[in-house]
Amino acid sequence: MSKGRGRIWEGSRKPMYWFILAYLLLLALPCTGFLPNFWSRVLTLSWDSHTHQYITEQAILNVTLETLKGTEKHQGNQAEEQTRLGRGFWRAVGEVVKSNAAMDFLSSTRSDPVYHFDSERVESAMGMLRQFWAQTLLSVRAKEYQSARHRLGQLFHSLQDFYSHSNWVEMGQHSIYLHLLQPEEPAIPVATDDTPTCMECFSVTCRNNLLPRLTSTQQDSQLLTTGYFSTYPPKPQGKCSHGGILDSSRYMGAKGGINKDSTSPLFSPHHYLHVKAATLATEATLTVLRDLRDTVGHKAFLRLFSVKQVPALVFVMDTTGSMFEEITAARLRAHSIIQSRANSPGQPGTFLLVPFHDPDVGPVYETDDPNQFMQHMENLMALGGGDEPEMCLSAIQLALTHSPPLSEIFVFTDASPKDAHLFDAVKALALEKQSKLTFLLTEDPNYTTEVRGRGKRRRRRSREPLSPDRFSLYSSLSSLSGGLTIFTTNSDIHKVSTIVEDNTAADKVTLLHVEVAQELMSSHSFRVDSSVKNVTLHVTGILTECILTSPSDQSQSLLNEQGSLAELERFQGLYRISLLPPIQAGQWKVYTKSDGQLTFNVIGDSSVDFLYYFATVTNETHPGLARVEGSPVAGVPAFLVLAVTGLAPDEEASFSHVTLLGAQGETLQQVKLNSSSTSSSAYSVNELVGWVDSVPRAPFCVRLTGRDSRGNKLERVSTEMVQPTHVQLQVLSVPRLVPGHSTVVGFNILNHGPARLFNLSIDDDCGYLHKRGSPRYHIAEQGSFYDQVNIHTPATAQAGATVTLSLTVHALDSADSNYAVTYLTVVPPDPDTSPPSCSAAGGQPTCPSVCNESSWSVSLVVSDRGRSGLAALQLRKGEGILTLFLSPPPTEDSMGDTQQQAHRSKTTSGGHPHHHHHKARLEKGDSPLNVSDWILESSQPLWVRYTSSCCSAQAELLVWDTAGNMKRCHLTPGQQRQLTDRSTETNGIGQITLSGVFYLLLSLLWSLL
């Protein structure tokens, strides 16, 4: 997923004609923006181009490592830190990259010039950028991290496009354009519609084709322009085109173009400036990430990208009267997990509990404090209950919505689901988040009925069977998500629940996952490589014989003897087999005889794992691979893209192929990968591509095969079952939700089969759907149908909240179905997007040449220009003392002893003033100081004085308002009447800064009130 990982086709044995065919297809298509992803370099023959993907990944990685250095006692080198970031980190980064690339692929954004800084729509594009920023902040503060990653990807795409599509680089600029996200910074006017900007260019490389004023380095005479693309909007005569062989507007005067998307002259007329544009785009991306980190705090920033996150502990708990033993078992496992994590490195992870019975579900209890979670578990009671079916799927839906991706969710119940209509929504969420569902059922599925007695559920055996398939929905969900369904008893639930600890330990990888249906005998194998430790086998069902064979052909009959290979624990419904050390590397075999269905799951400890997705060559506006949303289409070709994560800094591994495995472990298809043998010392993720000639029609999972540095075969399995289909569901727009207003979400259903009827099920987790039901559509063979979902957001909706919308389409004549999940953010109707302001109110002269004998100071008036009022201040940089006042401070002379008194009089926000003016003092390293309680009105200012030795001649003050907008104020000696305010504001559209004189008058007026 980054630059320099080798050429995709080098050493590949795939037929080159597929590449040629894809490339020729693209020659008929238009193109804008930095290239979307790594595959674009292949299609444009520009191996050294910087793509949106590369710029975004490297910026996130660099700022994440920066942040870790600031929050931990940094040990080890950068490569080691990258290895420890975790699979969840790379999935989170992938979500941002996916959202970034989707701007080039979605029909609602790919041709709109506002999203790409095309066609001189600069003002509208800046407004869009600031909306993306405000929505990102809202989502992070609400802990809606998936929504935040989506908006951040959109923001990065537009921001990066500015440097590729405009004449900013051609004007000789060496720094980023601050005004894009900071309205107070100086702005450069945009050329008007009737102002010519380009001269004719008749070659693929266009040099000096911008008119002189468009390349001027004189600030008072500069003009901004961006290239026009294709036919909409129409290009006026004399304007610049985007350019390149895929842009039809390049033939209109002025001919040529100015884009710097790639290093290929065929696609980018200003290809020779590509590196400069990419460098500025990277710096702009880094700036946004650092501002985001400083605004939301280091902890929230690391949570946003799932940095070093151990697996979430997620319980869905039936709390009816019969569940005492199950609740006790869950408490036991939670306590054990918390104890084991207490001294481990990394983030503590998420703890989440969703209780349910009939008719109540929830509320969701979520925390990252293990002690609070344990206290909540202690207070959980098994009381009451209703009829045998319970609202289990509603609770699972809540758990999936609130838990992070890649979670394993454990469901404790003894009842079948009463809310079966939610099966589609739960299935879609589980697949979209790649989360596993494991059910621990303390009920015999064949011969148990229930009677009631004194508010408590009792069981009694009966010869009258209930429906034997009443738990089938649970089994289906565990099967497709890669989890397990375990039928056990109250007496064994404490032991069976050890699976919770086994599966939620850090760095767990899957070596084998297979289901065996009603076979008396079966044989399966799995491979252990040198990186794998602590291998555990879980087997559900009833075994009559189980023989384990090691790579050295040593065998052990696990049911009948003890041996040196493994130890078996037998519980009702579950066999737990632990390989004994030293574990031999190589192929292990398991031979079994059974009475009924078995499920095998083999896990081990290793940091080496993989992520994957299916993709197709885009057939619209940009050369690249567009990710397939939902399930892939059966029987058609597709690319399979894999990212290998967690290789150690000194470890080399090669990966030859993937195998698509059926539900019972049978091989459906083998897919060759590009030849790769890459050391991870530079990057800890390695991206590979395979060509699937025809996607299998049966469900399958993906197994990656390679060799480790010692030559041992390396295998990893992604356990969720891919469900190939002949129908697609595409969400075309993701609108913002405004309290008290209605909006629509457009979608397309694409039928890849014969003409037939389809049924659509729609669900949202907040109940905002304007109309519920299951509409039907008749869609022609190879046809499509467009429709909309109406959503009404109540006036009481909380800004920052996320609505999870799930759509599932079913064919009525077959098993064909597909899903789409989208996240909609509630935004305030009239948000305060104006940041606070700093204005100089006085200071001492500049420092002399001998610094250790002198000090400098500057006085500032700090206020909020919006409606919210000041919230917090922090001294981020500088070795001096920042003193805060509620009224104008004393004169310069009376402040002479400030530095000497600093440590004696330092107070907190809750303290009382030590001096009739002085309220608090701050130093670098102090946490942000909450000042919101001091502010009686939103317009009330604060006065601050910064004093420092001349040996420390710079400082940085961060100021927030209660709406979350941030101002970054840089302090230097000699700021007597003006503040060197190269600020970075986390704001939306703001107003021009009021002058220092005005603020001084305002402060004097306030002091008289």
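Residues numbered from 1 in each chain as written. Predicted model: local features only at pLDDT ≥ 70, side-chain atom pairs only at ≥ 80, totals over all residues. Heavy atoms only, no water.

- In the annotation of an unreviewed UniProt entry, the entry for the chain reads von Willebrand factor A domain-containing protein 7, and the organism field reads Lates calcarifer.
- For the record of the chain, the UniProt heading Subcellular location (unreviewed entry) holds the text "Secreted". (UniProt positions renumbered as here; feature names shortened; annotations may be inferred.)

## A short note on the overall build of the chain
1) Next: A count of helical and extended segments in the chain gives 18 helices and 42 strands.
2) Next: Out of the 1009 residues in the chain, the part that is buried amounts to 60%.
3) Next: Roughly 39100 Å² of accessible area belongs to the chain as shown, and the carbon and sulfur atoms make up 51% of that amount. (Helix = DSSP H or I, 4+ residues; strand = E, 2+ residues; numbered from the N terminus. Buried < 20%, exposed > 50% of the residue type's maximum accessible area, 1.4 Å probe, protein only. Areas by Shrake-Rupley, 256 points an atom, 1.4 Å probe, with all protein chains shown as cover.)

## Structural notes on helix α12 (residues 392-402)
1) Next: Most of α12 sits inside the fold, with nine of its 11 residues counted as buried.
2) Next: Restricting attention to buried positions, one finds in α12 the residues C392, L393, S394, A395, I396, Q397, A399, L400 and T401.

## Describing the packing of helix α10 (residues 324-341) against helix α11 (residues 370-378)
1) Next: Contact geometry of α10 with α11 gives a least axis separation of 10 Å together with a crossing angle of 165 degrees. If you check the angle between α10 and α11, you find them roughly antiparallel. The interaxial crossing formed by α10 with α11 has left-handed handedness. For the pair α10 and α11, the contacting residues are A330, R331, A334, H335 and I338 in the first and P370, F373, M374, M377 and E378 in the second.
2) Next: Classifying every residue of the contact of α10 with α11 by side-chain character gives seven nonpolar, one polar and two charged. (Axes fitted to C-alpha atoms, helices over the stretch in contact; angles between N-to-C directions. Parallel < 35°, antiparallel > 145°, perpendicular 65-115°, else oblique. Left-handed = near helix turned anticlockwise from the far one by under 90°. Contact = heavy atoms within 4.5 Å. Nonpolar A, V, L, I, M, F, W, Y, C, P; charged D, E, K, R; others polar.)

## Some words on the packing of aromatic side chains
1) Next: Here the structure, examined in full by the defined rule, presents 20 aromatic pairs.
2) Next: Measuring from centroid to centroid gives 5.3 Å for F301 and F305, while their planes differ by 65 degrees, and the two rings are edge-to-face.
3) Next: Among the residues examined, F301 registers a relative accessible area of 0% and is labelled buried.
4) Next: Note on F305: relative accessible area 0%, which makes it buried.
5) Next: Among the aromatic residues, ring-to-ring pairing joins F117, F162, Y163, W168 and Y177 into one connected group.
6) Next: The lysine or arginine in question, R207, covers the ring of Y272, its NZ or CZ lying 4.1 Å from the ring centre.
7) Next: Here the guanidinium or amino end of R627 rests over the ring plane of Y613, the centre of that ring lying 3.8 Å away. (Phe/Tyr/Trp six-rings, centres within 6.5 Å; stacked < 30°, edge-to-face > 60°. Lys NZ or Arg CZ within 6 Å of the ring centre and 35° of its normal.)

## Some thoughts on helix α13 (residues 423-433)
Turn by turn, an α-helix covers 3.6 residues, leaving residues three or four places apart pointing in a common direction.
1) Next: Among the 11 residues in α13, 11 count as buried, and that is most of the element.
2) Next: The complete set of buried residues in α13 reads F423, D424, A425, V426, K427, A428, L429, A430, L431, E432 and K433.
3) Next: Positioned one or two residues after α13, Q434 has a phi angle of 55 degrees, which is positive.

## Here we look at the pattern of salt bridges
1) Next: Inspection of the entire model under this criterion finds 26 salt bridges.
2) Next: Among the salt bridges present, the one from R91 reaches E95, with a minimum N-O distance of 2.5 Å. Note that R91 and E95 are positioned in helix α5 (residues 87-105) at a spacing of four residues, about one turn of the helix.
3) Next: The buried category is assigned to E95, whose relative accessible area is 15%.
4) Next: Measuring nitrogen to oxygen at the nearest pair gives 2.6 Å for the salt bridge that ties E501 to R333. Taken together, the positions of E501 in helix α16 (residues 498-504) and R333 in helix α10 put the pair 168 residues apart, joining distant regions of the chain. (Salt bridge = Lys/Arg side-chain N within 4 Å of Asp/Glu carboxyl O.)

## Some thoughts on the nonpolar core
1) Next: Formed by 62 residues in total, the largest nonpolar core has its most connected members in F89, Y163, W168, L180, L289 and F305.
2) Next: The set of elements that each furnish at least two residues to this core consists of α3 (52-71), α5, α6 (122-141), α7 (145-165), α8 (274-296) and α9 (298-304).
3) Next: Top contributing element to this core by residue count: α8, with 10 residues.
4) Next: Ignoring anything within four residues of it in the chain, the contact list for Y163 reads W168, V169, I176, Y177, L180, K260, A277, L280, A281 and A284.
5) Next: Core analysis: the second largest hydrophobic core is formed by 31 residues, V314, C392, L437 and F439 among them. (Core = buried A, V, L, I, M, F, W, Y, C linked by side-chain atoms within 4.5 Å.)

## A closer look at the sheet that holds strand β41 (residues 955-961)
1) Next: Spatially, the four strands line up as an open sheet ordered β39-β36-β41-β42, and their pairing is antiparallel. Lying at the two open borders of the sheet, with one neighbouring strand each, are β39 (929-930) and β42 (966-971).
2) Next: Relative to β42, α8 is tilted by about 105 degrees, and along the sheet it contacts β36 (870-877), β41 and β42. (Pairing = 2+ DSSP bridges.)

## Let's talk about the environment of I176
1) Next: Of note, I176 is situated in the loop between α7 and α8.
2) Next: Given a relative accessible area of 15%, I176 falls into the buried group.
3) Next: Through-space distance from the C-alpha of I176 to that of T285 is 9.9 Å; in sequence the pair is 109 residues apart.
4) Next: Beyond its immediate stretch of four places on either side in the chain, I176 contacts Y163, W168, L280, E283, A284 and T287.

## Overview of the environment of L292
1) Next: Structurally, the position occupied by L292 is in helix α8.
2) Next: Residue classification places L292 among the buried positions, given a relative accessible area of 0%.
3) Next: Taking C-alpha positions, L292 is 8.8 Å from T136, a pair spaced 156 residues apart along the chain.
4) Next: Leave out the neighbours within four places in its chain, and L292 touches W133, T136, L137, L152, G297, F301 and L304.

## Thoughts on the packing of α6 against α7
1) Next: Where α6 meets α7, the axes come as close as 8 Å, and the angle between the chain directions of the two elements is 160 degrees. Taken as axis vectors, α6 and α7 run roughly antiparallel relative to one another. The two elements α6 and α7 meet at a crossing, and its hand is left-handed. Contact with α6, carried on its side by L129, F132, W133, Q135, T136, S139 and V140, involves Y145, S147, A148, R151, L152, Q154, L155, S158 and L159 of α7 and no other residues of that element.
2) Next: A breakdown of the residues in the contact of α6 with α7 according to their chemical character gives nine nonpolar, six polar and one charged.

## A short note on the sheet that holds strand β16 (residues 586-594)
1) Next: Read from one edge to the other, the open sheet built from four strands follows the order β10-β16-β12-β13, with strand pairing classed as antiparallel. The two strands at the open ends of the sheet, each matched to only one other strand, are β10 (521-528) and β13 (555-557). Neighbouring strand axes in the sheet, compared pairwise and without regard to direction, differ in orientation by 20 degrees on average.
2) Next: In this sheet, β16 lies alongside strand β12 (residues 543-549) in antiparallel orientation, the contact comprising six bridges. Note on β16: the bridge partner recorded for L543 is S594.

## Re the state of the cysteines
Should the sulfur atoms of two cysteines be covalently bonded, the bond is a disulfide.
1) Next: Taken as a whole and judged by the stated rule, the model has four disulfides.
2) Next: Paired through a disulfide, C851 and C951 show a sulfur-sulfur distance of 2.1 Å. Because the sign of the S-S torsion sets the handedness, a value of about 85 degrees for the bond joining C851 and C951 places this disulfide among the right-handed ones. Of this pair, C851 sits in the loop between β34 (836-843) and β35 (855-864) while C951 is found in the loop between β40 (942-949) and β41, placing the two residues 100 residues apart along the sequence. (Disulfide = S-S within 2.5 Å.)

## Concerning the side chain of E956
1) Next: Mapping E956 onto the fold places it in strand β41.
2) Next: For E956, a relative accessible area of 2% gives the class buried.
3) Next: Here the side chain of E956 touches R968 through a polar contact of 3.1 Å, side chain to side chain. (Polar contact = N/O pair within 3.5 Å; in protein donor to acceptor, adjacent residues only side chain to side chain.)

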